[in-house]
Amino acid sequence: MSFLPAPPDAGIRFRRVDLEGKPEIEARIENVSQTNRSTTVAKGNAKIQTVEHILATFAGCEIDNVIVELDANEPPIADGSARDYCKLVESADIVPQAEKREAYHITTPLELQTGDTLMSIFPHDRLKISCTSSDKAGRFAQFYSVELSPETWKAELAHARTFCFFEEIEYLIKNGLIKGGSLENAVVIRDDAVLTTEPLRYPDEFVRHKILDILGDLALLGRPVCGHVVAVRPSHTLNCELARMIQGQMRKPLVAVQTFTPPPPEKSAAKGMNRELLDRVQQGGSLDITELMKILPHRYPFLMLDKVTRIDGNKITAVKNLSINEPFFAGHFPNHPIMPGVLQLEAIAQAAGILMLKQAENWGRLAYFMAADEVKWRKPVRPGDTLVIEVELTKARGNIGRAKGVCFVDAEPVSEAEVTFMLIAADGP
């Protein structure tokens, strides 16, 4: 196994160098195929088992982008902990990258329970994990709570080894789950005895390893998470289910917002016209209102662009001409009419949606507005003004896009924002 540097926004990827074509599997919750005793990710015919210790190492060391090359379907187990993986990282050194780390902050509590296993997460300013573990009979009940940082990861969690109960071994052997297992890389509990080749590394080593597993499974979200995880007798299955619930919370704003890229064209109609528009967008031509209405799904009163004057690389410039007949002026405010700031934000979002169409594979997909950050409204926009919208696409990773936009009137900035959106496939307009 080798750890290789990766460019910004590459994420964590596993590469099977022993298979034809060296297929890669992204460490994402969508690629989880099995959670029986360990976590397996798969894509096509390629799979990697027991990824949680590797992923916990990267999460604990705050590494966002790395390629893990393997010549087998499982990482070397080492001593059953993450200690050797940490040494590998430390020997290579960690390089800061210019792109901003975007942690997701839990907004409302989430909880799920199956039998004796309970998983929940609450809003918190950092990632904190509190965990209780024991077997079904309540033996070796342990509790530990830790707030994650590179320092606490290396000192408090990384050395905790895999463990199992003696009565589980026959099942594990029959199912091929511990082919390389021994007392060199696991702790075995038999009745009230602990079988190990060395003393326990922590008095509560078992629950600390459970926390290590939780950290690794949550890393499948693909971005850092800030929240307080409270777990009772956790398992990989419930860890991954909690990750899916968190992912659902991330996407929840999509339900309530409008789309701002075009619906997929009907397969039987206007194929040549769509091809021509795609060429115009990719080559940087201008677009008038008729062409915009063939691209954007918005109609009166929510079409916030009148024309696109320039598309240059990852930048676009669009225009909105404002008259007193705009419907929002009638109520905002009748005696002192100004354009609502949220509609300027919508204009930025619509222009960003057009930029995404420069990639042919995105043509016909829908972009849902997910978030707006660093929003500032600087000056009022009034009837008679010409709003010039300038947007730059700053990130396009998979189906997630991010753009920064600024609105001008008479060359003076009146508003700005950073918008995040997700591209999804759709069956029709």
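### Side note on the overall build of the protein
Here is step 1: Helix and strand counts for the protein stand at nine helices and 22 strands.
Here is step 2: Within the span of the protein, comprising 429 residues, buried residues form 47% of the whole.
Here is step 3: The contacts in the protein between residues at least 6 apart in sequence include a share of 69% that link residues at least 24 apart.
Here is step 4: About 20500 Å² of surface is accessible on the protein, with carbon and sulfur atoms providing 52% of the total.

### Observations regarding the pairing of strand E7 (residues 66-70)
Here is step 1: Among the five residues that make up E7, four are buried, leaving the element largely enclosed by the rest of the structure.
Here is step 2: Pairing of strand E1 (residues 2-5) with E7, which is carried by four bridges, proceeds in the antiparallel orientation. Bridge pairing in E7 links Phe-3 to Val-68.
Here is step 3: Relative to E7, strand E2 (residues 12-16) runs parallel, the two being bridged by five bridges. The residue of E7 that forms the bridge with Phe-14 is Val-68.

### Let's talk about the confidence of the model for the protein
Here is step 1: When pLDDT is averaged along the protein, the result is 85, and 85% of the positions lie at 70 or above.
Here is step 2: Across residues 255-259 the pLDDT falls below 50, and counting only partners more than four positions away or on other chains, this stretch makes twelve contacts in the model.

### Notes on the packing of aromatic side chains
Here is step 1: A full pass over the atoms with the stated rule returns two aromatic pairs.
Here is step 2: Here the aromatic rings of Phe-328 and Phe-329 are separated by 4.7 Å at their centres, their planes lie at 65°, and the arrangement is edge-to-face.
Here is step 3: Relative accessible area serves as the criterion here: at 11%, Phe-328 is assigned to the buried category.
Here is step 4: In this structure, Arg-208 packs its charged tip against the face of Tyr-144, placed 4.0 Å from the ring centre.

The rules behind the values
- Residues numbered from 1 in each chain as written.
- Predicted model: local features only at pLDDT ≥ 70, side-chain atom pairs only at ≥ 80, totals over all residues.
- Heavy atoms only, no water.
- Helix = DSSP H or I, 4+ residues; strand = E, 2+ residues; numbered from the N terminus.
- Buried < 20%, exposed > 50% of the residue type's maximum accessible area, 1.4 Å probe, protein only.
- Contact = heavy atoms within 4.5 Å.
- Areas by Shrake-Rupley, 256 points an atom, 1.4 Å probe, with all protein chains shown as cover.
- Pairing = 2+ DSSP bridges.
- pLDDT = per-residue confidence, 0-100.
- Phe/Tyr/Trp six-rings, centres within 6.5 Å; stacked < 30°, edge-to-face > 60°.
- Lys NZ or Arg CZ within 6 Å of the ring centre and 35° of its normal.

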